[in-house]
Amino acid sequence: MKVLYIMPWFTRPSAMSKHCKIFLSNAISLGINPIVVSLNGKDDFKENHDYLPIKDYSNKYVAALFRRLFPDIVNVPDVYNYGTVQMGVKTILKKINFEEIECIHTVSFPCSSHLMGYELAKKTGKPWIAQFYDPWTDNPYRKIETAIFRKKDAIMERLIAENASAIIHTNDVIKEIWRERYGERVAQKMFVQPMSYENEVYSNVRNIPERTDKPKVTISYIGKLFFDRNLDDIINAIKILRDKGVDIQNKITLKVIGEATSHDITNIKNSGLEKVVELVGYLPQNQLKQYYIDSDAFLVIDSPQSKNVFFPSKLLDYFLYKRLIIGITPEVGVTSELIKKSSNIKFENGQCVALADYLLRLINDHSLLDSFDKDFYENFSPMSLRKTYKSIINYICQQ
């Protein structure tokens, strides 16, 4: 089966590129013969595939000017909608023999990849899968200020929802939002397929050492902090413990491996917690393993939104190392659902007293560090991804 994949960031070093390659590797194992369309870049994917580069017509200087003068224009849905999509469709129609193609599969981010899929499906009559690693209109980091452009953005999303042959989301939260928005006709063609581990990473999971008990509990936050995704709640909880007379310096350590904000750095200093909160700083992926192993628990933090619709890829790493996960996250959201399903522990943003009470229990009873589902990582295995994608392909073929 030959499938045309439109993955604009496939050749650009990024988390999106990584997960596209993991996905493609599993598709190939199902017997799919892929043709990958991506923006110009180095194609370093080792497995058997064909590659068609398309030119990136977005000019960073022009885009910067428009972002300053008319920011909403280049955000609907993104900068690639102005030249790259239109010329990309022409290039694909010219160079691809669609008589050999059985299916079109578009992946976002960027959202405009789905506009290419819509045009190609309309012109060729081929079935089309639209896969969303990130949400579209529900993405709080896509800032569209004016009502007319927000409406235009919503119309584009609806165009994809109503015309794609199948839709893949990473989680049930965004799937239910779309069900409410677009109705049962669209919901019937929606599938949930979370991110997955690389085959090599998954096969080595049994080589990861188990947690060893130590007098001091080490909690690690691994990742980047920014804006309202900060350490305020955990710092306030530790301060509550200190005020209760707990010897926090000898009982608990919070390690932050990644970029901390100036706000967090100042907060740690002003709170007098420099000997409790260790700012390790950014480390490349190949230097993180020992920090994962040395941790007793992991911390995940989401910004305080009404609904958290992002699939937290960081949780995949946390689940793999089989350590307790403490979440600070909205009640309605993907992180919340995954933490509850895996029998880990979560608190809503601002619940500092409850978090402090739990940390005190953790300090006094280390058995809590092992009270969760240690096999939950299996939900993100390559086999699970292949099983779901095979069912989607079967659905497409039966239409």
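Please refer to the structure placed before this passage.
In this report, the structure presented in the accompanying data block is examined. For clarity, every value in this text was computed on a predicted model and none was experimentally measured.

Summarising burial for helix 13 (residues 313-320): six of the eight residues are buried, a large majority. Among the residues of helix 13, L315, L316, D317, Y318, F319 and L320 are the ones counted as buried.

Moving on to the sheet that holds strand 9 (residues 252-257). Taken together, six strands build an open sheet; the order of strands is 10-9-8-11-12-13 and the sheet is parallel. Looking at which strands have only one partner, the edges of the open sheet turn out to be strand 10 (277-279) and strand 13 (345-347). Across the sheet, the axes of successive neighbouring strands diverge by a mean angle of 25°, strand direction being ignored. In the packing of helix 14 (residues 334-341) onto the sheet, the strands contacted are strand 11 (297-301), strand 12 (324-328) and strand 13, and the crossing angle to strand 13 comes to about 145°.

Let us now look at the packing of aromatic side chains. Scanning the model with the defined rule gives 19 aromatic pairs in all. Consider the rings of W178 and Y182, whose centres lie 5.3 Å apart with planes at 80°: the pair is edge-to-face. Pair noted here: W178 and Y182 are both in helix 6 (residues 172-182), with a separation of four residues, about one helical turn. The exposure classification of W178 matches that of Y182, with both residues buried.

The subject of this paragraph is the environment of A27. Considering the arrangement of structural elements, one finds A27 in helix 1 (residues 15-29). The class for A27 is buried, based on a relative accessible area of 0%.

Where burial is concerned, most of strand 9 is hidden: six out of the six residues are buried. Burial of strand 9 is two-sided: the residues I252, L254 and V256 facing one way and the residues T253, K255 and I257 facing the other way are all buried. Pairing geometry for strand 8 (residues 217-222) and strand 9, over six bridges, is parallel. Within strand 9, the position partnered with V217 by the bridge is I252. In terms of handedness, the path from strand 9 via helix 11 (residues 262-270) over to strand 10 forms a crossover that is right-handed.

Attention now moves to the pattern of salt bridges. This model, assessed by the stated rule, comprises 21 salt bridges. K314 serves as the salt-bridge partner of D317, at 3.7 Å between the closest nitrogen and oxygen. Pair noted here: D317 and K314 are both in helix 13, with a separation of three residues, about one helical turn. In this structure K314 comes out as partly exposed when scored by relative accessible area, which is 24%.

Parameters at a glance
Residues numbered from 1 in each chain as written. Predicted model: local features only at pLDDT ≥ 70, side-chain atom pairs only at ≥ 80, totals over all residues. Heavy atoms only, no water. Buried < 20%, exposed > 50% of the residue type's maximum accessible area, 1.4 Å probe, protein only. Helix = DSSP H or I, 4+ residues; strand = E, 2+ residues; numbered from the N terminus. Pairing = 2+ DSSP bridges. Axes fitted to C-alpha atoms, helices over the stretch in contact; angles between N-to-C directions. Contact = heavy atoms within 4.5 Å. Phe/Tyr/Trp six-rings, centres within 6.5 Å; stacked < 30°, edge-to-face > 60°. Right-handed = clockwise from strand over helix to strand, strands pointing away. Salt bridge = Lys/Arg side-chain N within 4 Å of Asp/Glu carboxyl O.

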